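For reference, the chains in residue letters:
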Amino acid sequence: MKRTITKSQISDAVEEAYNDCKSISGGVNAHYIPYLANVDSNLFGITVTLPSGETYGFGDTEYRFGIESVSKVPTAILAMRQQSPQAVLDKIGADATGLPFNSIFAILLENDHPSTPLVNAGAITACSMISPNGDSEGKWKAITDNITDLCGSAPELIDELYKSESETNFNNRAIAWLLKNYNRIYDDVTMSLDLYTRQCSLGITTSQLAAMAATIASGGRNPLTGKQIFCPDISARITSLIATVGFYEHTGDWLYTSGIPAKSGVGGGVLGVLPGKMGIAAFAPPLDDAGNSVKAQSAVKAVVSKLGLGIFESDPVEIV
């Protein structure tokens, strides 16, 4: 039987989720990156954006936090836009590793390729695929312009975070050179790693991430600007990647209990996509042992549960 959900009900559900989850404790900031370790652990915000453009946000929705691994989503989209979804599949892959996001061993297990653009190895490779080749600033402009299109507003580089990341990215350096050894880096190694480090250091808000998620949920059309950013078939491809590896080794547990494809980042952000229904984003710095925000994931789950909008629900739903 078809159900209807009103926009007022959605607004109420987001507010209730915020109030229910704001007192949740547990987890710790990402301590291995000095900048992130010092972010106020009490910050918390949640935003939902609908394909029709309505936005509902509560808490610290305009605070700019480090996008970190959520940046892998827009860069994967950009690689698909520039080269095609098939090229991303051929050059990177689409399999979940079942291992931590920064695993070197996963590269060896996956027959010497990065496996998916939503883990560190695949994201570094994705940066190497961005055009124009050999032009760091040209690539950087393409990456940031793409994020601006998806969000409807520009991110801002957090210089202190970029410096902090660059000084501590030893594991990623090893990943990049191992990929080079297997011919899975398609441009200069050092440049590709730097682009990945820079994109992880962008400052983003939950309002912007919710707009990005809603753009994906709307078949590539940004609901705030009305601009068609990418062709609709890319939405299905990127959402499938988010669903299979968005929470790293906890992804199966996440999808089983939440019903929404979502991507996390160690900056505390979570981006969730309900195809055709909404984009949702939440932020809170303390993380669980897999690098996922404790409070943000609880808030996203709460919204989906209150509305009964999980992607595996059998009843069709219309938002009115």
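Summarised in this report is the structure supplied together with it. Numbers given to residues run from 1 along each chain, matching the order in which its sequence is written. For this predicted model, a pLDDT threshold of at least 70 governs which residues receive local features, and a threshold of 80 or more governs which side-chain atom pairs are given and counted, while totals over whole chains, interfaces and linings are taken from all residues. Excluded from the side-chain calculations are hydrogens and water; all other atoms, namely the structure's heavy atoms, are used.

## Some thoughts on the side chain of T251
Mapped onto the elements, T251 comes out in helix 13 (residues 251–258). A 3.5 Å cut-off defines polar contacts: any pair of N or O atoms within that distance qualifies, except that in protein one atom must be a possible hydrogen donor and the other a possible acceptor, and neighbouring residues in sequence count only when both atoms are side-chain atoms. From its side chain, T251 meets the backbone nitrogen of F247 in a polar contact 2.9 Å long. With near-sequence residues (within four places) excluded, T251 lies in contact with A243, T244, V245 and G246. Segments assigned H or I by DSSP are reported as helices when at least four residues long, segments assigned E as strands when at least two residues long, and all are numbered from the N terminus. Whether two residues touch is decided by their heavy atoms; if any such pair falls within 4.5 Å, the residues are in contact.

## Remarks on the layout of surface pockets
Cavities and pockets are defined on a 1 Å grid built over the protein atoms alone: a cavity is a set of grid points where a 1.4 Å probe fits but cannot escape, while a pocket is an open set with protein on both sides within 12 Å along at least five of seven lines, and lining residues are those with an atom within 4 Å of any such point. Grid points are joined across faces, edges and corners, and a volume is the space filled by probe spheres set on the points. Approximately 290 Å³ is the volume attributed to the largest pocket. Every residue lining the largest pocket is counted, 17 residues in all, and those nearest its centre are Y32, I33, N120, E165 and N172. Contributions of two or more residues to the lining of the largest pocket are made by helix 8 (159–168), helix 9 (170–181) and helix 10 (189–200). The residue inventory of the lining of the largest pocket, partitioned by class, reads seven nonpolar, eight polar and two charged. Its boundaries defined by the atoms lining it, the second largest pocket holds a volume of some 160 Å³. Taken together, 13 residues make up the lining of the second largest pocket; nearest its centre are T257, S258, G259, G310 and E313. Elements with a minimum of two residues in the lining of the second largest pocket: helix 13 and helix 14 (294–307). Among the elements that take part in the lining of the second largest pocket, helix 13 stands out by supplying four residues, more than any other. Under this grouping Gly is polar, as are all residues other than the nonpolar Ala, Val, Leu, Ile, Met, Phe, Trp, Tyr, Cys and Pro and the charged Asp, Glu, Lys and Arg. When grouped by side-chain class, the residues that make up the lining of the second largest pocket number five nonpolar, six polar and two charged.

## Thoughts on the sheet that holds strand 5 (residues 156–157)
One open sheet accounts for three strands, arranged 4-6-5; its pairing is antiparallel. The strands lining the two open edges of the sheet, one partner per strand, are strand 4 (65–66) and strand 5. Here, a strand pair is defined by DSSP locating no fewer than two bridges between the strands. The pairing of strand 4 with strand 6 (residues 202–204) spans two bridges and is classified as antiparallel. Across the sheet, G66 pairs through a bridge with G203, a residue of strand 6. Lying on the sheet, helix 7 (residues 136–151) is in contact with strand 5 and strand 6; it crosses strand 6 at an angle near 5°. In this analysis, axes come from line fits to C-alpha atoms, helices being fitted only over the stretch in contact, and the angle between any two N-to-C directions falls in the range 0 to 180 degrees.

## Focus on helix 14
Expected helix span is taken as 1.5 Å per residue step, with the number of steps being one fewer than the number of residues. Between its first and last C-alpha atoms helix 14 spans 21 Å; for 14 residues at 1.5 Å apiece the expected length is 20 Å, and the two agree. Where burial is concerned, most of helix 14 is hidden: 10 out of the 14 residues are buried. Considered for burial, the residues of helix 14 that qualify are V294, K295, A296, Q297, A299, V300, A302, V303, V304 and L307. Buried residues in helix 14 make contact with strand 1 (3–5), helix 1 (7–21), strand 2 (45–49), helix 13, strand 8 (269–274) and strand 9 (278–283). Following helix 14 by one or two positions, G308 has its phi on the positive side, about 65°. For every residue, the accessible area obtained with a 1.4 Å probe (protein chains only) is divided by the maximum for its type, and the residue is called buried under 20%, exposed over 50%, and partly exposed between those limits.

## Focus: the packing of helix 3 (residues 72–83) against helix 6 (residues 120–129)
Any two packed helices are characterised by how steeply their axes cross, that is the angle between the axes, and by the distance between the axes. Where helix 3 contacts helix 6, the two axes come as close as 9 Å, and the packing angle between them is 40°. By the angle class used here, helix 3 and helix 6 are oblique. Regarding helix 3 and helix 6, the two cross each other, and that crossing is left-handed. Residues K72, T75, A79, Q82 and Q83 of helix 3 form the contact with helix 6, whose participating residues are N120, A123, A126, C127 and M129. Taken together, the residues that form the contact of helix 3 with helix 6 break down as five nonpolar, four polar and one charged. Just so you know how the angles are binned, under 35 degrees is roughly parallel, over 145 roughly antiparallel, 65 to 115 roughly perpendicular, and the rest oblique. Whether a crossing is left-handed or right-handed is set by the direction in which the near helix is turned from the far one by less than a right angle, anticlockwise for left-handed and clockwise for right-handed.

## Describing the nonpolar core
What is meant by a nonpolar core is a set of buried Ala, Val, Leu, Ile, Met, Phe, Trp, Tyr and Cys residues, joined one to another through side-chain atoms within 4.5 Å. Counting residues in each nonpolar core, the largest one holds 69 residues, and the members touching the most others are I77, I143, L209, I238 and L271. Contact partners of I77, with chain neighbours within four places excluded, come to L150, I216, F230, I234 and I238. With 31 residues, the next largest nonpolar core counts V14, Y18, V48 and I260 among its residues.

## Structural notes on the packing of helix 13 against helix 14
Where helix 13 meets helix 14, the closest approach of the two axes is 10 Å, and the angle between their N-to-C directions is 35°. Taking contact as the criterion, the partners of W254, T257 and S258 in helix 13 are, on helix 14, Q297, V300, K301 and V304. Of the residues contributing to the contact of helix 13 with helix 14, the split by class is three nonpolar, three polar and one charged.

## Remarks on unusual backbone geometry
A cis amide bond links S131 with the next residue in sequence, P132, at an omega value of 0°. Inspection of the secondary structure puts P132 in the loop between helix 6 and helix 7. Located in the positive-phi region is E68, a residue other than glycine, with phi close to 50°. Structurally, the position occupied by E68 is in the loop between strand 4 and helix 3. A relative accessible area of 4% means that E68 is categorised as buried.

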